[in-house]
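Close look at the chain arrangement
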Amino acid sequence: LNHFVDVKAQGAFNPGVWAACRVGAPPLAGLSGPFALGVDVQPGWERATICVAGVRPDGRIGVEVYRDIRGTEHNPVTTEVIIDALDTFPAPVKVIAYEQVSGAASELTRHAKETSRTEVYDELLPGAVWAACMDVDEMILSRRLAVDDPLLDAQIPLAARRPVGQD
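Presented here is a report on the structure given in the accompanying data block. The model shown is predicted, which means the values in this text are computed figures rather than measured ones.

Cut-off values and rules
Residues numbered from 1 in each chain as written. Predicted model: local features only at pLDDT ≥ 70, side-chain atom pairs only at ≥ 80, totals over all residues. Heavy atoms only, no water. Axes fitted to C-alpha atoms, helices over the stretch in contact; angles between N-to-C directions. Helix = DSSP H or I, 4+ residues; strand = E, 2+ residues; numbered from the N terminus. Parallel < 35°, antiparallel > 145°, perpendicular 65-115°, else oblique. Left-handed = near helix turned anticlockwise from the far one by under 90°. Contact = heavy atoms within 4.5 Å. Buried < 20%, exposed > 50% of the residue type's maximum accessible area, 1.4 Å probe, protein only. Expected span 1.5 Å × (residues − 1). Arc of directions from axis to C-beta.

1. Overview of the packing of helix 2 (residues 79-87) against helix 3 (residues 105-114)
Their axes nearest at 10 Å, the elements helix 2 and helix 3 cross at an angle of 45°. The orientation of helix 2 with respect to helix 3, classified from their angle, is oblique. Here the hand of the crossing between helix 2 and helix 3 comes out right-handed. Between helix 2 and helix 3, the contacting residues are Thr79, Ile83, Leu86 and Asp87 on the first element and Glu107, Leu108 and His111 on the second.

2. Some points on unusual backbone geometry
Residues Gly33 and Pro34 are joined by a peptide bond in cis, for which omega reads 5°. Of note, Pro34 is situated in the loop between helix 1 (15-19) and strand 1 (35-41). Non-glycine residue Arg143 carries a positive phi angle of around 60°. In this fold, Arg143 is placed in the loop between helix 4 (126-141) and strand 6 (145-147). On the basis of relative accessibility, which here comes to 41%, the residue Arg143 falls in the partly exposed class.

3. Details of helix 4
Spanning 16 residues, helix 4 covers 23 Å between terminal C-alpha atoms, matching the ideal 22 Å at 1.5 Å per step. Looking at helix 4, one finds that the buried residues are Val129, Cys133, Asp137, Met139 and Ile140. Buried residues in helix 4, looked at end-on, bunch into an arc of 165°, giving them a common side. Those residues of helix 4 that are buried lie in contact with helix 1, strand 3 (61-70), strand 4 (93-99), strand 5 (121-124) and strand 6. Arg143 lies just past helix 4 and shows a positive phi near 60°.

Right under this line is the structure:
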């Protein structure tokens, strides 16, 4: 929702709106796929996140953090670590989305070609990332998102609405 927060802005969601998206059990429990995976790598490569989403029987989109990869001095975040996590996802995957401007983009694209999985990997242009953010915003406001993940809970208060135009 907010890649590089560089300005102070009012929060995007009031706590009650986010609370309505919370479910009492794992949001993907009982689902067998196909799933969508989203990859995000911080600019300094200290951390990478892989989220998974799937359509629940109630029509809501369930989302969980599949891997929260945090680098250390002796065990840094690398594209190999990210690709290993993607390759070991235990269920059918329809799409693996990542940003074109991500530092991992070239390696993910190479891996997709080498494994003949180019139809699964989706390198998102900046406009597609913006559209995805708008989709997430709409899913939260309409309560179509189903979550139960403390990492997502911790990020929501940081989400902010910013005027678009100069960016």
